[in-house]
Amino acid sequence: MIYNMLNLRPIAKSLQEKCEKELNEQPERLVSDIKAIRDWLQKQPHLQSVKPSDQWLLSFLRGNKFSLERTKEKLDMSYTLRTLVPEIFKNRDPLDPKLNEVLRKGLFLPLKKCAKEDGCRPMFVRLNLRDGPLIPVEQLMKVAFMIVEIMIRDDDNFLICGEEVIVDLKNIGMAALSQWTPALAKKVVMSFEKALPVRMKSIHILNPPPGLETVLNLVKAFMSQKLKDRIFVYGQNLNSFHERFPQELLPEEYGGNNGTVQDLSDYWTHILESNRDWFLAEEEACSDESRRPENPKTTSSLFGVDGSFRKLDFD
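Residues numbered from 1 in each chain as written. Predicted model: local features only at pLDDT ≥ 70, side-chain atom pairs only at ≥ 80, totals over all residues. Heavy atoms only, no water.

A.B. asks: Would you mind showing me how to read the overall build of the protein here?
C.D. replies: Broken down by element type, the protein carries 17 helices and five strands. Here the C-alpha atoms of the protein give a radius of gyration of 20 Å, agreeing with the 20 Å that 2.2 N^0.38 yields for 315 residues. Summarising its shape, the C-alpha atoms of the protein cover approximately 55 × 45 × 40 Å along the three principal directions. By the burial criterion, 56% of the 315 residues in the protein qualify as buried. (Helix = DSSP H or I, 4+ residues; strand = E, 2+ residues; numbered from the N terminus. Rg over C-alpha atoms; globule rule 2.2 N^0.38 Å. Buried < 20%, exposed > 50% of the residue type's maximum accessible area, 1.4 Å probe, protein only.)

A.B. asks: For this particular structure, what's the right way to read the side chain of glutamate 283?
C.D. replies: When you line up the elements, glutamate 283 lands in the loop between α16 (276–282) and α17 (299–303). Despite its burial, glutamate 283 pairs with no opposite charge, the nearest such side chain being lysine 90 at 4.7 Å. Leave out the neighbours within four places in its chain, and glutamate 283 touches Lys90, Asn91 and Arg92. (Lys, Arg positive; Asp, Glu negative; His and termini not counted. Salt bridge = Lys/Arg side-chain N within 4 Å of Asp/Glu carboxyl O. Contact = heavy atoms within 4.5 Å.)

A.B. asks: How do you make sense of the packing of aromatic side chains when you look at a structure like this?
C.D. replies: The geometry of an aromatic ring pair is captured by two quantities: the separation of the ring centres and the angle between the planes. A full pass over the atoms with the stated rule returns nine aromatic pairs. Aromatic pair phenylalanine 241 and phenylalanine 245: ring centres 5.7 Å apart, planes at 10°, arrangement stacked. Of the two residues examined, phenylalanine 241 and phenylalanine 245, each falls in the buried class. Summarising the aromatic geometry, the rings of tyrosine 267 and tryptophan 268 are spaced 5.5 Å apart at their centres and angled 90° between planes, so their arrangement reads as edge-to-face. Classification of tyrosine 267 as partly exposed rests on a relative accessible area of 35%. The class of tryptophan 268 is buried, set by a relative accessible area of 9%. Pairwise contacts between aromatic rings join Trp56, Phe60, Trp278 and Phe279 into one cluster. Here the basic side chain of lysine 112 rests over the ring of tyrosine 267, its NZ or CZ set 4.2 Å away from the ring centre. (Phe/Tyr/Trp six-rings, centres within 6.5 Å; stacked < 30°, edge-to-face > 60°. Lys NZ or Arg CZ within 6 Å of the ring centre and 35° of its normal.)

A.B. asks: Explain the pairing of strand β4 (residues 200–206) to me, please; I cannot follow it from the model alone.
C.D. replies: Among the seven residues in β4, six count as buried, and that is most of the element. Here β4 runs beside strand β5 (residues 231–233); their pairing, made up of three bridges, is parallel. Within β5, the residue paired with histidine 204 across the bridge is phenylalanine 232. (Pairing = 2+ DSSP bridges.)

A.B. asks: For this particular structure, what's the right way to read the side chain of serine 59?
C.D. replies: If you trace the backbone, serine 59 turns up in helix α4 (residues 54–63). By relative accessible area, serine 59 is classed as buried at 1%. Leaving out residues up to four positions away in the same chain, serine 59 has contacts with Ile152, Leu159 and Pro197.

A.B. asks: Would you mind going over the packing of α4 against helix α5 (residues 68–84) with me for this structure?
C.D. replies: The geometry of α4 relative to α5 is characterised by a closest axis approach of 9 Å and an angle of 120° between their N-to-C directions. Here the hand of the crossing between α4 and α5 comes out right-handed. Across from Trp56, Leu57, Phe60 and Leu61 in α4, the residues of α5 making contact are Leu68, Thr71, Lys74, Leu75, Ser78, Tyr79 and Arg82. Each residue belonging to the contact of α4 with α5 can be placed in one class, and the counts come to seven nonpolar, two polar and two charged. (Axes fitted to C-alpha atoms, helices over the stretch in contact; angles between N-to-C directions. Left-handed = near helix turned anticlockwise from the far one by under 90°. Nonpolar A, V, L, I, M, F, W, Y, C, P; charged D, E, K, R; others polar.)

Read these as spatial facts, not as claims about activity.
Listed below in structure tokens is the structure:
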């Protein structure tokens, strides 16, 4: 009854139990909690273009363990970054030729199977960037965040149970690694940690190339200690990886039975293309910093940078 009143989709019993046990969800309070967040949004002069669905607000409440204050902070930051980080959060038309080319490469692939009904959602990242023209890392991150937003909206395992990310760097080139600057690293990390209701359970990095340590140390500098402790790097021998992550959940090319890379790529290309209208509408849902009651947020105030950093140098 409550889900019908709020236009929410029902979830499996095991997921509902996890919500109540781990996320502090109280079904009898959903109506009042979502109303409290919506009332707050309507009173924010800088967020008047923001009209989120009940499901979107519930996602943020769950991602913040039903703390109303943390939910407000993360929603505010989410819409603020859409304004202040346009290189990632603007011009997100999945049919744009350059963006569509990145999408069809299948670099960011949420896997269809979880280890169990109330298990984490595995995300497979394969940065096969050695061949062909260098793809701007901002374009890669734009596609990644687009997929993440669809998962926040539609994937209950991802939102309630968290995600496990497997990153294969076997075919990444040094030119691609060198695109990471301190400014971009801080923007990406802040977007994941401070602006989205994402529960990162672990990050597994396979086949690390020379020079990765430099980039990883740069990115870690902006991470919370909790997230740093959840990063695992493996060499060529992946036995220790398979002890932590079931091999059968990987794509077929990696010894699993969780779909082929091409099938997954085609599937996620279709998902984003079919949500084109949603992405175009979301383009308008962002903060108007000129109307913020307190001091407007700027790139400098959030990231401590105005200009661009030089690209990384590797020995």
